[in-house]
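# Structural overview for review
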Amino acid sequence: MTTTAVTHIASLVTNDPSLGNGTPLGLIQDAAVVIEGDRIVWTGESSKAPATDNVLDAAGRAVIPGFVDSHSHLVFAGDRTQEFNARMSGQPYRAGGIRTTVAATRAATDEELSANVARYLAEALRQGTTTFETKSGYGLTVEDEARALRIAGRHTDEVTYLGAHIVSPDYADDPAGYVDLVTGPMLEACAPHARWIDVFCEQGAFDGDQARAILTAGLARGLHPRIHANQLSYGPGVQLAVELDAASADHCTHLTDADVDALGQGNTVATLLPGAEFSTRATWPDARRLLDAGATVALSTDCNPGSSFTSSMPFCVALAVRDMGMTPDEAIWSATAGGAAALRRTDIGRIVPGAHADLVLLDAPSHVHLAYRPGVPLVSAVWRSGERVA
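Now for a quick tour of the structure.

Thresholds applied
Residues numbered from 1 in each chain as written. Predicted model: local features only at pLDDT ≥ 70, side-chain atom pairs only at ≥ 80, totals over all residues. Heavy atoms only, no water. Helix = DSSP H or I, 4+ residues; strand = E, 2+ residues; numbered from the N terminus. Buried < 20%, exposed > 50% of the residue type's maximum accessible area, 1.4 Å probe, protein only. 1 Å grid on protein atoms, 1.4 Å probe; cavity = no way out; pocket = protein on both sides within 12 Å on 5 of 7 lines; lining within 4 Å. Points joined across faces, edges and corners; volume = space filled by probe spheres on them. Nonpolar A, V, L, I, M, F, W, Y, C, P; charged D, E, K, R; others polar. Core = buried A, V, L, I, M, F, W, Y, C linked by side-chain atoms within 4.5 Å. Contact = heavy atoms within 4.5 Å. Pairing = 2+ DSSP bridges. Right-handed = clockwise from strand over helix to strand, strands pointing away. Phe/Tyr/Trp six-rings, centres within 6.5 Å; stacked < 30°, edge-to-face > 60°. Lys NZ or Arg CZ within 6 Å of the ring centre and 35° of its normal. Axes fitted to C-alpha atoms, helices over the stretch in contact; angles between N-to-C directions. Parallel < 35°, antiparallel > 145°, perpendicular 65-115°, else oblique. Left-handed = near helix turned anticlockwise from the far one by under 90°. Salt bridge = Lys/Arg side-chain N within 4 Å of Asp/Glu carboxyl O.

Before going further, it helps to examine unusual backbone geometry. One non-glycine residue with positive phi stands out, namely Cys252, at about 55 degrees. As for its placement among the helices and strands, Cys252 is situated in the loop between strand E12 (248-251) and helix H9 (257-265). Despite not being glycine, Arg344 shows a phi value in the positive range, around 50 degrees. By the element assignment, Arg344 lies in the loop between helix H13 (328-342) and strand E15 (359-362). Judged by relative accessible area, Arg344 falls into the partly exposed class, the value being 33%.

A few words on empty space enclosed by the protein. Rolled over the atoms, a probe sized like a water molecule indicates the empty space that remains. Summed over the entire model, instances satisfying the criterion amount to two cavities of 30 Å³ or more. Taken as a whole, the largest cavity holds about 100 Å³ of empty space. For the largest cavity, the lining is made up of 13 residues, of which His73, Tyr93, His165, Asn304 and Ser307 are closest to its centre. For the lining of the largest cavity, the residue count by class is four nonpolar, seven polar and two charged.

Attention now goes to the nonpolar core. One recurring pattern in soluble globular proteins is that nonpolar side chains are buried together. In this structure, Tyr161, Phe206, Ile227, Leu263, Leu290 and Leu299 are the most contacted members of the largest nonpolar core, which totals 86 residues. With residues near it in sequence (within four places) discarded, Ile227 still touches Asp198, Val199, Cys201, Leu215, Gly237, Leu240, Ala241, Ser248, Ala249 and Asp250. Grouped together as the second largest cluster of nonpolar side chains are 16 residues, Ile28, Ala58, Ala357 and Ala381 included.

The subject of this paragraph is the environment of Arg39. Structurally, the position occupied by Arg39 is in strand E3 (residues 39-45). Placed 293 residues apart in sequence, Arg39 and Ile332 show a C-alpha to C-alpha distance of 21 Å. If we skip the residues at most four places from it in the chain, Arg39 touches Val34, Asp347, Gly354, Ala355, His356 and Ala357.

Quick look at the pairing of E12 now. Bridge analysis of strand E11 (residues 227-229) against E12 gives three bridges, and the strand direction is parallel. Across the sheet, the residue bridging to Ile227 is Ala249, located in E12. Handedness of the E11-helix H8 (residues 237-243)-E12 crossover: right-handed. Bridge analysis of E12 against strand E13 (residues 269-272) gives three bridges, and the strand direction is parallel. Looking at the pairing, Ala249 lines up with Ala270 of E13.

A complete count under the given rule lists seven aromatic pairs for this structure. Here Phe76 and Tyr138 contribute two aromatic rings whose centre-to-centre distance is 6.3 Å and whose plane-to-plane angle is 75 degrees, an arrangement assigned as edge-to-face. With a gap of 62 residues between them, Phe76 in the loop between strand E6 (67-69) and helix H1 (81-88) and Tyr138 in the loop between strand E7 (129-135) and helix H4 (142-153) connect regions that are remote in the sequence. Exposure class is identical for Phe76 and Tyr138. Each is buried. Ring geometry for Phe76 versus Phe309: centroids 5.8 Å apart, planes at 70 degrees, classification edge-to-face. Remark: Phe309 occurs in the loop between strand E14 (297-299) and helix H12 (313-323) and Phe76 occurs in the loop between E6 and H1; sequence separation between them is 233 residues. Taking relative accessible area as the criterion, Phe76 reaches 0% and is therefore assigned buried. Through a chain of ring-to-ring contacts, three or more aromatic side chains come together here, namely Phe76, Tyr120, Tyr138 and Phe309. Over the face of the ring belonging to Trp196 we find Arg226, whose NZ or CZ atom lies 4.4 Å from the ring centre.

A separate point is the packing of helix H5 (residues 175-183) against helix H7 (residues 208-220). Viewed as axis vectors pointing N to C, H5 and H7 meet at an angle of 15 degrees, and their least axial separation amounts to 9 Å. Regarding the angle of H5 to H7, the classification is roughly parallel. As for how H5 packs across H7, the hand of that crossing is right-handed. Of the residues in H7, those in contact with Pro175, Val179, Val182 and Thr183 of H5 are Gln210, Ala213, Ile214 and Ala217.

Take the packing of H12 against H13 next. Their axes nearest at 9 Å, the elements H12 and H13 cross at an angle of 140 degrees. Comparing their axes, H13 and H12 come out oblique. Both H12 and H13 take part in a crossing whose hand is right-handed. In this structure, H12 uses Met313, Val317, Ala320 and Val321 to contact H13, whose residues at the interface are Pro328, Ala331, Ile332 and Ala335.

For the coordinates displayed, the defined rule picks out 20 salt bridges. For Arg212, the salt bridge is made with Glu243, and the minimal N-O distance between the two is 2.5 Å. Residue Arg212 is located in helix H7, and its partner Glu243 is located in helix H8; the two are separated by 31 residues in the primary sequence. For Arg212, a relative accessible area of 33% corresponds to the partly exposed category. One salt bridge connects Asp347 with Arg345, and the closest N-O pair in it is separated by 3.0 Å. For Arg345, a relative accessible area of 22% puts it in the partly exposed group.

A word on the side chain of Thr129. As for its position among the elements, Thr129 is in strand E7. Excluding residues within four positions of it along the chain, Thr129 makes contact with Phe67, Asp69, Ala124, Ser311 and Met313.

In this structure, the largest pocket occupies an estimated 350 Å³ of space. Top element by residues in the lining of the largest pocket is E7. It accounts for four residues. Taken as a whole, the second largest pocket encloses approximately 210 Å³ of empty space. Residue lining of the second largest pocket: 14 residues in total, with Gln127, Ser312, Pro314, Val376 and Pro377 positioned closest to the centre. Tallying contributions element by element places H12 first for the lining of the second largest pocket, with three residues. Looking at side-chain class alone, the lining of the second largest pocket contains nine nonpolar, three polar and two charged residues.

Below you can see the structure in the form of structure tokens.
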């Protein structure tokens, strides 16, 4: 395999605190990275870089790990422009809007759905996202949920079964019957195509007892839990996530002190989704409160057609710094290593020997510019598993 060195990097974010300046970002100044095949094989000061087959001069620009987007809903059709317009005119966000997307998704062909996923992934890749998770949840029948997962699996290994997004319109008068479907025939059809199971634990969706039944059924079929928790109101989602050792509790907007303490003491990552608050004019999650309690925090886009129609991790980084109490260093860590933790992976989100060669070259001397210059297209080049893809 050929080797490639990226040299003269002004500031390299490794996310290894044993390197560079000893902070969680492990910053190395005037750095170099060596790639062999799909892996990182060396990092250090540029003057000490070993000889390689190819050399790319970063010319004093920054390099960060590829973003890890650990929460998205990309298998869908249509959009919800009218709903967004109404919300910006004063109407509150409600989970029931999901039904609009369910109808459009059921009517779409496999080819249309797969093309949509590819389109949004291409958007994300151009903005530095090299790993992403995505969910079903807009079919809500056995066949439509299974085909959503099959389509998602063409594009990523991080696939989540979300039959419990809302109660299907077909079961509007029988929510218990729908839970039986989600934990029975639908789970049997979907489990072979997913790594994770998720549930929207919220008023208007599924209560704590229903969420527990769904997640424990998934565990019995080998799917590990994630959970939409405490987005629109206080509720049992976070506590249930920690109890079941869920990889991630996502949203975490409305938290009691007990919720914060549980996240600070457990293994469950608190994944914050600032695009949702931006798009719904909702209360911002308090990242500072979580970080000060010792919780592991991830940032993600929540890309979906209803409440957060963005594929831009740089945008979410800027929002987290501006409106959620994070420093630029914390936001970058959460959008890379934090996302990897939410997927329980150590081979991504870091620039260290042995990790996947997922790199983002910024047209700026420091990662801080992602928050300092919001909305500016600063991603200059992207490598995914050693291949330059953007």
